[in-house]
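# Notes for the structure review
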There are 2 protein chains.
Amino acid sequence: MTKRGPTLEDVAREAGVSRATVSRVVNGVRNVDPRIQEAVRRAITRTGYTPNQAARSLVTRRTGAVALVFSAAGEAFAARVFADPFFGRVVDGALGFLRERAVQPVLLVAESEQARTQVVQYLRQGAADGALVVSLDADDPLPGMLVAAGVPTVLFGRPPGPLRAGYVDLDNAAGARLAAGHLLARGRRRLATIGAPRSAPAARERLDGFRAALAEAGITGVPVVRGRFTAASGREAMARLLREHPGLDGVFAANDLMALGACQYLRERGVAVPGDIAVVGFDDSRAATECRPGLTTVRQPVEEMAAAMARLLVDRLRGAAEEGSRVLFDPVLVVRESS
Amino acid sequence: MTKRGPTLEDVAREAGVSRATVSRVVNGVRNVDPRIQEAVRRAITRTGYTPNQAARSLVTRRTGAVALVFSAAGEAFAARVFADPFFGRVVDGALGFLRERAVQPVLLVAESEQARTQVVQYLRQGAADGALVVSLDADDPLPGMLVAAGVPTVLFGRPPGPLRAGYVDLDNAAGARLAAGHLLARGRRRLATIGAPRSAPAARERLDGFRAALAEAGITGVPVVRGRFTAASGREAMARLLREHPGLDGVFAANDLMALGACQYLRERGVAVPGDIAVVGFDDSRAATECRPGLTTVRQPVEEMAAAMARLLVDRLRGAAEEGSRVLFDPVLVVRESS
DNA sequence: CTGAAAGCGCTAACAT
DNA sequence: ATGTTAGCGCTTTCAG
């Protein structure tokens with residue numbers, strides 16, 4: 001049923017040369033007479049030849065593609081992933097880097113156990129040369145499965161345990177310190193935090209860093225309510241904080257979306273931001289700029305980090321980087337109106 | 001550098017049978033002695049064998065994967081795609097269907113001309129068996145390029161011209177009529193619309209349908225301001241409408257995100273929704289339920305439509321469906337608080 | 001029910 | 001600088 005297109009053989013015959021020569025031209029190998037190159041090129045356009053990737057991969061053991069895998073369990077996973085600007089930034093960052101190098105990025109979504117198995121199988125079968133993995137849970141088995149399957153892997157965020165995989169990460173604790181310092185400098189002392197599920201390592205570092213910084217300033221017992229990285233959960237968390245700790249004057253949220261939800265809630269309740277309560281988010285995503293008032297936040301250079309992941313992987317595939325290479329980024333405080 | 005794993009040959013030797021037999025077992029062909037099957041299975045686990053997809057594809061001309069392509073030009077395309085709940089719903093719908101059939105979904109993003117070329121090349125080289133395409137612009141060359149490259153293709157939305165591709169679509173005009181009828185029934189007569197770029201066919205049908213329905217009720221000259229499908233553009237459009245047509249009592253937006261932006265703006269300006277101005281959106285995305293007040297909207301069953309696309313493609317790959325098959329869905333009005 | 005053998009289309013030594 | 005040749009790992013007739 002699939003009509004087979006022209007092969008190297010056909011082009012070779014058309015151009016009156018051997019398969020090998022055509023292959024050389026196609027792959028841009030030097031040492032081919034310019035006139036013959038030209039003839040081959042014409043034969044290629046005349047026949048409408050396209051290399052067969054399967055045949056090529058079979059011998060080169062390469063595909064020229066790299067997978068970008070988003071992993072986490074849950075209902076309507078894609079709908080949630082696509083609702084969070086964070087992932088879009090990762091995609092933009094990785095794509096920008098890969099396109100330039102003519103590496104084809106393919107996005108894979110591992111939203112369930114079945115999906116995880118399928119994704120691992122797909123990659124272990126050689127559908128891509130390596131994987132960039134963004135996993136949301138510390139206990140996600142996917143990174144380990146990929147590494148065990150021999151797939152060159154680079155992670156967003158330090159893996160919870162030792163793993164033969166490279167990674168790119170932000171100094172989350174330092175970012176949290178920036179947020180803490182800012183709130184303190186603004187004279188806020190009755191602080192609270194909106195956290196994330198315990199399984200999210202980055203968010204955990206943020207909260208720990210925040211509390212550590214406050215502890216150094218003599219402030220302890222900072223309340224935490226956990227959200228799920230969504231604006232809706234930020235609202236709920238804020239509602240609860242307000243109920244249980246009426247005297248608050250400052251809130252630090254583990255990401256912008258939750259900070260946004262918190263701001264919305266406060267505004268609806270007639271609580272002034274930053275007048276009554278100052279709010280600081282984390283990420284500097286679109287949500288931060290679209291928030292009214294503009295959200296003060298800790299910038300995480302997601303696009304650059306994703307590009308760094310891609311670079312790490314590409315270098316490693318070329319043999320130019322170690323298996324466990326890593327790159328750390330520094331956060332920057334972006335002050336807007338919310339605090 | 002890539003360590004090559006065990007091959008069929010290795011498993012065959014281990015099990016004391018021929019390659020052909022192992023292949024039969026792996027591919028679930030009947031007519032294999034149960035005892036031999038068992039022996040082969042053990043040999044497979046013992047050796048840790050995984051089939052090499054390239055070798056397999058080379059002979060079968062199949063990959064077992066299907067591409068889901070998002071296409072449209074623009075800066076930070078992925079960031080925008082990921083900001084719109086619509087795409088997440090498409091992904092969830094398609095993935096749900098494909099997973100069950102053990103077809104691997106791979107997401108491809110065509111955000112620039114270069115990307116388009118790369119994507120077409122990738123698919124024409126046989127990296128996937130077919131493509132599900134969600135394209136935002138009527139003048140997007142990608143669908144045509146894919147069809148010309150011989151890639152079995154199914155589109156979201158009717159293609160602007162004749163194309164040997166299947167598609168799934170919503171009766172957008174009917175949806176717009178529902179919105180119009182609802183606003184009229186609510187006694188609204190001074191209506192306006194927030195549209196989308198002229199290049200978006202679906203949005204165009206919505207506006208045309210809306211105006212046609214109003215014309216039947218004797219209302220003409222309905223103002224249009226065009227947005228870009230984003231909440232921010234919805235705000236701007238609403239601001240302009242309010243400025244230029246102060247007496248409005250109802251607005252129909254071509255998607256929920258823009259309706260959401262409009263509601264936010266109205267609220268900030270102290271205009272009551274639906275008291276002063278009734279608002280109707282389109283899609284019934286998450287944005288609709290998260291909007292305050294809840295957004296009245298025309299439901300588009302995106303997940304089902306995406307699943308239908310996947311079914312169309314899979315059937316066609318099996319030879320069980322025609323090249324140009326199509327499926328049409330009916331919209332449903334979902335009344336919430338905004339009108 | 002199983003095995004032998006012929007490729008699928010391509011790259012990469014190796015010759016020339 | 002070009003051609004010849006030997007596979008890459010798998011499926012699939014075709015015999016048996």
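Here the structure is a predicted model, which is why all the values come from computation and not from measurement. (Residues numbered from 1 in each chain as written. Chains lettered and ligands numbered in written order. Predicted model: local features only at pLDDT ≥ 70, side-chain atom pairs only at ≥ 80, totals over all residues. Heavy atoms only, no water.)

In this structure the tally under the stated criterion is 13 aromatic pairs over all chains. Aromatic side chains A:Phe70 and B:Phe82 sit 6.3 Å apart centroid to centroid with 70 degrees between the ring planes, which places their arrangement in the edge-to-face category. Pair noted here: A:Phe70 is in strand β1 (residues 65-71) and B:Phe82 is in the loop between α5 (77-81) and α6 (85-100), and the two residues belong to different chains. In this structure A:Phe70 comes out as buried when scored by relative accessible area, which is 2%. Exposure remark for B:Phe82: the relative accessible area of 2% places this residue in the buried category. Each residue in the set A:Phe70, A:Phe82, A:Phe86, A:Phe87, A:Phe156, B:Phe70, B:Phe82, B:Phe86, B:Phe87 and B:Phe156 is aromatic and connected to the rest through ring pairs, giving one cluster. Over the aromatic face of A:Phe97 sits the side chain of A:Arg101, whose NZ or CZ is 3.6 Å from the ring centroid. (Phe/Tyr/Trp six-rings, centres within 6.5 Å; stacked < 30°, edge-to-face > 60°. Helix = DSSP H or I, 4+ residues; strand = E, 2+ residues; numbered from the N terminus. Buried < 20%, exposed > 50% of the residue type's maximum accessible area, 1.4 Å probe, protein only. Lys NZ or Arg CZ within 6 Å of the ring centre and 35° of its normal.)

Now for the relation of the copies chain A and chain B. Relating one copy of the chain to the other requires a rotation about an axis plus a shift along that axis. If you rotate chain A by 180 degrees and push it 0.1 Å along the axis, it lands on chain B with an RMSD of 0.1 Å. Such a turn and shift between the copies fits a two-fold axis. When the interface residues of chain A are mapped onto chain B, 98% of them are again interface residues, pointing to one common binding face. (Least-squares fit on C-alpha atoms with pLDDT ≥ 70 in both. Contact = heavy atoms within 4.5 Å.)

Take the interface of chain A and chain B next. On the chain B side, the residues contacting the 55 residues of chain A number 54 residues. Carbon and sulfur atoms supply 56% of the area that chain A and chain B bury against each other, a total of about 4700 Å² over both sides. Linking chain A to chain B there are four salt bridges. A salt bridge links A:Arg99 to B:Glu111; its shortest N-O distance comes to 3.0 Å. Viewed at the interface, chain B and chain A are joined by 16 residue pairs in polar contact (both at pLDDT 80 or more). (Buried area = accessible area lost by both parts, 1.4 Å probe. Salt bridge = Lys/Arg side-chain N within 4 Å of Asp/Glu carboxyl O. Polar contact = N/O pair within 3.5 Å; in protein donor to acceptor, adjacent residues only side chain to side chain.)

Turning to the protein's contact with DNA strand C, a few remarks are in order. Taken together, 29 residues form the shell around DNA strand C, and within it A:Leu8, A:Tyr49, B:Arg24, B:Ile36 and B:Arg61 come nearest. Protein-proximal atoms of DNA strand C, defined as those within 4 Å of the protein, fall in sugar or phosphate at a share of 67%. B:Asn31 is positioned with one of its side-chain polar atoms (N or O) 2.8 Å from a phosphate oxygen of DNA strand C. Secondary structure elements with two or more residues in the surface near DNA strand C: α2 (19-26) and α4 (53-60) of chain A together with α2 (19-26) and α4 (53-60) of chain B. Classifying every residue of the surface near DNA strand C by side-chain character gives 13 nonpolar, eight polar and eight charged. (Near = heavy atom within 4 Å. Nonpolar A, V, L, I, M, F, W, Y, C, P; charged D, E, K, R; others polar.)

Our next topic: the UniProt feature "domain: HTH cro/C1-type" (unreviewed entry) in chain A. Look at the UniProt record and you will see "domain: HTH cro/C1-type" (unreviewed entry) annotated at residues 7-33 of chain A. With 59% helix and 0% strand, residues 7-33 of chain A has its two end C-alpha atoms placed 22 Å apart. (UniProt positions renumbered as here; feature names shortened; annotations may be inferred.)

This brings us to the packing of helix α9 (residues 172-185) of chain A against helix α10 (residues 201-216) of chain A. All names here are of chain A. Interhelical geometry of α9 versus α10 gives an angle of 45 degrees and a closest axis separation of 7 Å. Between α9 and α10, the angle is such that the two are oblique. In the packing of α9 onto α10, the handedness of the crossing is right-handed. For the pair α9 and α10, contact is made by Asn172, Ala173, Ala176, Arg177, Ala179, Ala180, Leu183 and Leu184 and by Ala202, Glu205, Arg206, Gly209, Phe210, Ala212, Ala213, Leu214 and Glu216, respectively. Grouping the constituent residues of the contact of α9 with α10 by class yields eleven nonpolar, two polar and four charged. (Axes fitted to C-alpha atoms, helices over the stretch in contact; angles between N-to-C directions. Parallel < 35°, antiparallel > 145°, perpendicular 65-115°, else oblique. Left-handed = near helix turned anticlockwise from the far one by under 90°.)

Right, let's get into helix α14 (residues 302-317) of chain B. All names here are of chain B. The first and last C-alpha atoms of α14 sit 23 Å apart over 16 residues, in line with the 22 Å expected at 1.5 Å per residue. Counting buried positions along α14 yields twelve of 16 residues, so the element is predominantly enclosed. What α14 keeps buried is the set Val302, Met305, Ala306, Ala307, Ala308, Met309, Ala310, Leu312, Leu313, Val314, Arg316 and Leu317. Considering only its buried residues, α14 is in contact with β1 (65-71), α6, β3 (131-135), β4 (153-156), β5 (166-170) and β11 (326-329). A positive phi of about 80 degrees marks Gly319, the residue just after α14. (Expected span 1.5 Å × (residues − 1).)

Among the 30 residues in the neighbourhood of DNA strand D, the closest are listed as A:Asp33, A:Ile36, A:Arg61, B:Leu8 and B:Tyr49. Atoms of DNA strand D within 4 Å of the protein: sugar and phosphate make up 61%, bases the balance. Note that a phosphate oxygen of DNA strand D is positioned 2.8 Å from one of the side-chain N or O atoms of A:Thr21. A:Asp33 places a main-chain nitrogen or oxygen 2.5 Å from a phosphate oxygen of DNA strand D. Looking at the surface near DNA strand D, the elements that each hand over two or more residues are α2 and α4 of chain A together with α2 and α4 of chain B. The element contributing the most residues to the surface near DNA strand D is α4(B), with five residues.

The next thing to look at is the UniProt feature "domain: HTH lacI-type" (unreviewed entry) in chain A. The positions UniProt marks with the feature "domain: HTH lacI-type" (unreviewed entry) are residues 6-60 of chain A. Structurally, residues 6-60 of chain A comprises 69% helix and 0% strand, and the distance from its first C-alpha atom to its last is 21 Å.

The next subject is a nonpolar patch on the surface. A cluster of nonpolar residues, A:Leu58, A:Val59, B:Leu58 and B:Val59, forms a patch on the protein surface that exposes about 350 Å² of accessible area. Of all the secondary-structure elements, those providing two or more residues to the nonpolar patch are α4 of chain A together with α4 of chain B. Position of B:Val59 relative to the elements: it lies in helix α4. (Patch = residues over 30% accessible without salt bridge, like charges linked within 9 Å, V, L, I, M, F, W, Y side chains within 5 Å. Areas by Shrake-Rupley, 256 points an atom, 1.4 Å probe, with all protein chains shown as cover.)

Leaving glycine out, the prevailing phi sign among residues is negative, and the prevailing peptide bond configuration is trans. Note that the residue after A:Val273, namely A:Pro274, is joined by a cis bond; omega there is 5 degrees. Counting through the fold element by element, A:Pro274 comes out in the loop between α12 (256-268) and β9 (278-283). That bond from B:Arg292 to B:Pro293 is cis: its omega, -5 degrees, falls within 30 degrees of zero. Structurally, B:Pro293 is set in the loop between α13 (286-290) and β10 (296-299). Positive phi outside glycine occurs at A:Asp283, with the angle close to 125 degrees. As for its position among the elements, A:Asp283 is in strand β9.

This brings us to the environment of B:Arg164. Residues and elements named next belong to chain B. With respect to the helices and strands, the residue Arg164 is situated in the loop between β4 and β5. On the accessibility criterion, Arg164 (56% relative accessible area) is exposed. When the C-alpha atoms of Arg164 and Glu322 are compared, they prove to be 9.7 Å apart, with 158 residues separating the residues in sequence. For Arg164, the contacting residues outside a window of four places in its chain are Val147, Arg316 and Glu323. Within the structure, Arg164 has its side chain in polar contact with the side chain of Glu323 (distance 2.9 Å).

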